[in-house]
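Reading the structure
Each chain, written out:
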Amino acid sequence: MVEHIGRTAGVAQLPSYASELQQGSAAPPTAGGPTGRLPTRRAHALGVALLLLCTAAFCIPLWDEIRARLQVRLPDAPDGAVGIGTAIGWSTATLANLVTIGVLGVLFGVLGALALRWRTPDPATFDFTGVRRTFTIAWGLYVLAKLAGQGILAAFGWAQLATAVPALTRPDGWLPLLFGALLWAARSFAGAAWPRALAMAGALTALYTGTLLLLPS
């Protein structure tokens, strides 16, 4: 009887020992690493799709501008030829804009992930893909915010809606929004410390601005 009671008490204590072993085996998160709030593959895909759709929608006003330029250059051309030329020009411009926005999103994602991975205490546990998606979405948020701002200005007659998409790759007063988006992504999702997040966002914004200034207008 005594032996049975002793075994029962030992069995009752097993869960407590198991919980202690589980708590002890759980490794603490790496300081300055991803916080577990990184976007999933589905969220990344939806964000990119929304970005491209909105960019294509803001390219629609380019149709009238391209047609007006063709009519000025070819005043004697028939309407059918002008329409075909307008369709070709608009399709080419829209495709070029979509490719440019997509490539820049990939570059911001890769460069942001590389910047945060550099000198990470434990690179083996660094979620490079998740962080890359985070900074790609940050770029997309900047683009959407700038397009929305240009749309609001155009509604009040302070800007032309046809220039909203071409203005995405021009250095202007909207660049602080890019810095803020990158900083928010690094802090809120990638888990970077404030000094590292500020340095990374500032470096990427400066690199992007310098590249735009060096490109021919």
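Residues numbered from 1 in each chain as written. Predicted model: local features only at pLDDT ≥ 70, side-chain atom pairs only at ≥ 80, totals over all residues. Heavy atoms only, no water.

**Brief notes about helix α6 (residues 175-189)**
In this model, α6 (15 residues) spans 21 Å end to end at C-alpha, consistent with the 21 Å of a helix rising 1.5 Å per residue. Residues L175, L178, A181, L182, L183, A185, A186 and F189 constitute the buried set of α6. Each element contacted by the buried residues of α6 is listed here: α4 (79-117), α5 (128-155) and α7 (194-214). Of the residues trailing α6, G191 is marked for its positive phi of about 75 degrees. (Helix = DSSP H or I, 4+ residues; strand = E, 2+ residues; numbered from the N terminus. Expected span 1.5 Å × (residues − 1). Buried < 20%, exposed > 50% of the residue type's maximum accessible area, 1.4 Å probe, protein only. Contact = heavy atoms within 4.5 Å.)

**Side note on the packing of α4 against α5**
Two numbers describe how α4 lies on α5: the axes approach to 7 Å, and their chain directions differ by 130 degrees. When the interaxial angle is binned, α4 and α5 end up oblique. α5 is crossed by α4, and the crossing has right-handed handedness. Mapping the contact onto sequence places I101, L104, G105, F108, G109, V110, G112, A113, L114, L116 and R117 in α4 and F128, V131, R132, F135, T136 and W139 in α5. Of the residues belonging to the contact of α4 with α5, the class tally is 11 nonpolar, four polar and two charged. (Axes fitted to C-alpha atoms, helices over the stretch in contact; angles between N-to-C directions. Parallel < 35°, antiparallel > 145°, perpendicular 65-115°, else oblique. Left-handed = near helix turned anticlockwise from the far one by under 90°. Nonpolar A, V, L, I, M, F, W, Y, C, P; charged D, E, K, R; others polar.)

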